[in-house]
Amino acid sequence: VVLYCLENITLFGLQQPETSSTMRCNAAIAAPWMCLLLSLFISAASFSHPPPPVSKARNLEYGHEMFHHDDCSERRSFLQKSASMVGLVTAATPPANAIESGTSVVPSLDSTPITTGNFDCLLDLPPITPGCVRLYLCRHGQTENNRLGLVQGARVDPSINGNGHEQAQRLGMAVSRLTKSSSSRGAVPRLAVHSKLRRARETAEVLTSTAESQSTVNNESTLKIYGELSSIGEIDFGSLEGKDVKYFRRATRSTFANWSIGNIDMRTGGRGESGREILERAALSLEELAKMAMSTSAPSSSILAVSHSAYLKTLLSLVNDSPLAECIFWKIQNGSVNVVDVNVEGKRRLVTANSGLFGGETLSRLRGSNGLELEMPEAHLIRRNEVRHLDGMDVHVK
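Residues numbered from 1 in each chain as written. Predicted model: local features only at pLDDT ≥ 70, side-chain atom pairs only at ≥ 80, totals over all residues. Heavy atoms only, no water.

Participant: Explain the side chain of His389 to me, please; I cannot follow it from the model alone.
Facilitator: Along the chain, His389 falls in the segment after strand 12 (379-386). For His389, a relative accessible area of 0% puts it in the buried group. Setting aside residues no more than four positions away along its own chain, His389 makes contact with Gly117, Asn118, Phe119, Cys121, Arg170, Leu171, Ala174, Gly335, Ser336 and Val337. (Helix = DSSP H or I, 4+ residues; strand = E, 2+ residues; numbered from the N terminus. Buried < 20%, exposed > 50% of the residue type's maximum accessible area, 1.4 Å probe, protein only. Contact = heavy atoms within 4.5 Å.)

The following block contains the structure:
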């Protein structure tokens with residue numbers, strides 16, 4: 001009877017697929033009974049009489065071993081190994097506050113502490129440029145499209161995956177550390193915005209929740225989501241969306257090369273956004289974010305925004321007056337943060353066909369004017385693609 005019960009506990013508790021959270025819970029419940037039954041059985045197993053014969057056809061697979069019920073010594077060895085595995089069964093039970101992501105279980109921050117990563121990576125930033133506010137421009141966490149190497153622009157809207165959730169947590173931990181330095185108190189963002197896309201919103205939600213839980217300075221609330229900002233959305237890639245990223249890179253390099261010589265009315269993927277539209281949107285977002293950072297809702301002179309890779313490359317190129325042909329090769333990783341200071345005291349800049357975006361005045365004379373006259377606040381690129389808070393993550397991307 002003891003053996004029968006033990007075998008059924010093992011069958012229905014341990015041998016279910018690991019993706020079944022219900023069966024893992026059953027295994028955890030069965031573990032104490034298993035210990036009791038094992039102790040009773042092993043104590044009694046010293047007698048020499050073999051158990052009643054059981055058909056050889058009925059075998060129980062456990063890992064890579066096969067257990068034959070009519071072999072007393074093998075049974076005893078198997079049961080002793082099973083006893084040593086009880087701790088593993090209990091540990092495999094998902095925490096009550098775990099977050100399910102597809103078929104994988106993504107532990108929340110307080111159940112599985114993140115111990116790797118340099119979360120002080122923002123403490124070595126210089127002070128905010130005089131007359132400016134500070135923007136922390138983050139890329140959203142990883143999605144399955146990112147992992148599989150499929151293009152996602154304004155038209156494709158997946159959720160973040162388990163890696164993306166952890167990247168967002170790590171962002172929140174890095175931002176919360178800004179409160180450690182009294183000299184950077186004005187640079188601690190209190191408001192966060194995100195694009196209208198799901199991956200940006202989810203990243204912002206995890207990031208702000210993590211930052212709030214990490215706050216230890218005077219019980220101050222840290223980061224709150226202000227809302228959605230449409231001007232920081234990803235580029236519309238037209239017919240390229242959903243395609244393999246290798247094909248996409250070849251196509252977009254051609255497009256950015258055309259933009260870089262002034263052909264900014266060329267559209268991505270045929271019917272996507274033009275370079276002119278993206279640049280105008282980037283200049284608008286700098287204005288909007290600076291105003292929000294200065295609003296009464298933000299008790300600091302900084303703000304955090306969750307946006308997207310290709311869009312951020314274009315925006316940072318505009319801020320730094322770097323050639324558009326160069327920015328396409330920049331890395332803006334999932335979960336990275338970029339830092340820009342934007343002037344709010346009236347200093348302005350006019351972007352024209354002579355801008356460094358298009359190779360400067362010399363090339364402008366050769367190709368003629370594209371008619372661009374884009375006014376924007378003066379801005380300074382302080383840091384690009386900060387990823388030290390992601391150290392220790394094993395993220396596989398095709």
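Participant: Quick question: what am I supposed to make of helix 7 (residues 198-214) here?
Facilitator: Quick reminder: α-helices carry 3.6 residues per turn. Residues three or four places apart thus point the same way. Between its first and last C-alpha atoms helix 7 spans 24 Å; for 17 residues at 1.5 Å apiece the expected length is 24 Å, and the two agree. Its buried side turned inward, helix 7 meets helix 6 (162-176), strand 6 (191-194), strand 7 (224-228) and strand 8 (302-307). (Expected span 1.5 Å × (residues − 1).)

Participant: What exactly am I supposed to notice about the pattern of salt bridges here?
Facilitator: Once their charged atoms are close, side chains differing in charge can pair, the charge on each being opposite to the other. Within this structure, the stated rule accounts for 17 salt bridges. The closest approach of N and O atoms between Asp265 and Arg276, which form a salt bridge, is 2.8 Å. Of this pair, Asp265 sits in the loop between helix 8 (245-260) and helix 9 (275-294) while Arg276 sits in helix 9; the two residues are 11 residues apart in sequence, bridging distant segments of the chain. For Arg349, the salt bridge identified is with Asp321, shortest N-O distance 3.4 Å. Remark: Asp321 occurs in the loop between helix 10 (309-320) and helix 11 (324-327) and Arg349 occurs in strand 10 (residues 348-352); sequence separation between them is 28 residues. Residues joined by salt bridges that share partners form a network here, namely Asp124, Arg383, Glu386 and Arg388. (Salt bridge = Lys/Arg side-chain N within 4 Å of Asp/Glu carboxyl O.)

Participant: Help me understand the packing of helix 6 against helix 7, please; the structure alone is not making it clear to me.
Facilitator: When two helices pack together, their arrangement is captured by the angle between the axes and the distance separating the axes. Interhelical geometry of helix 6 versus helix 7 gives an angle of 40° and a closest axis separation of 7 Å. When the axis of helix 6 is compared with that of helix 7, the two are oblique. Read as a crossing pair, helix 6 and helix 7 show a hand that is right-handed. Here helix 6 contributes His165, Ala168, Gln169, Leu171, Gly172, Met173 and Ser176 to the contact with helix 7, which in turn contributes Thr203, Val206, Leu207, Thr210, Ala211 and Gln214. Across the contact of helix 6 with helix 7, the residue classes tally to six nonpolar, seven polar and no charged. (Axes fitted to C-alpha atoms, helices over the stretch in contact; angles between N-to-C directions. Parallel < 35°, antiparallel > 145°, perpendicular 65-115°, else oblique. Left-handed = near helix turned anticlockwise from the far one by under 90°. Nonpolar A, V, L, I, M, F, W, Y, C, P; charged D, E, K, R; others polar.)

Participant: Honestly, the packing of aromatic side chains in this entry has me stumped. Any pointers?
Facilitator: To describe a pair of aromatic rings, one takes the distance between the centres and the angle between the planes. Across all of its chains, the model carries two aromatic pairs by this definition. Ring geometry for Phe237 against Phe248: centres 4.7 Å apart, planes inclined by 80°, an arrangement best described as edge-to-face. Of this pair, Phe237 sits in the loop between strand 7 and helix 8 while Phe248 sits in helix 8, and the two are 11 residues apart along the sequence. The exposure classification of Phe237 matches that of Phe248, with both residues buried. (Phe/Tyr/Trp six-rings, centres within 6.5 Å; stacked < 30°, edge-to-face > 60°.)

Participant: So what exactly am I meant to see when it comes to the sheet that holds strand 6 here?
Facilitator: Paired through backbone hydrogen bonds, the strands of a sheet run either parallel or antiparallel to each other. With respect to topology, six strands assemble into an open sheet ordered 7-6-8-5-9-12, the strand pairing being mixed. Across the chains shown, the open sheet's two edge strands, defined by having one partner strand only, are strand 7 and strand 12. Pairwise comparison of adjacent strand axes, ignoring direction, gives a mean angle of 20° for this sheet. In the sheet, strand 6 pairs with strand 7 via four bridges, with the strands oriented parallel. Pairing of Ala192 across the sheet is with Ile225, part of strand 7. In this fold helix 9 packs onto strand 5 (132-139), strand 6, strand 7, strand 8 and strand 9 (337-343), with an angle of close to 115° to the strand it touches most, strand 5. (Pairing = 2+ DSSP bridges.)

In short, the description is geometric, and any link to function would need to be established separately.
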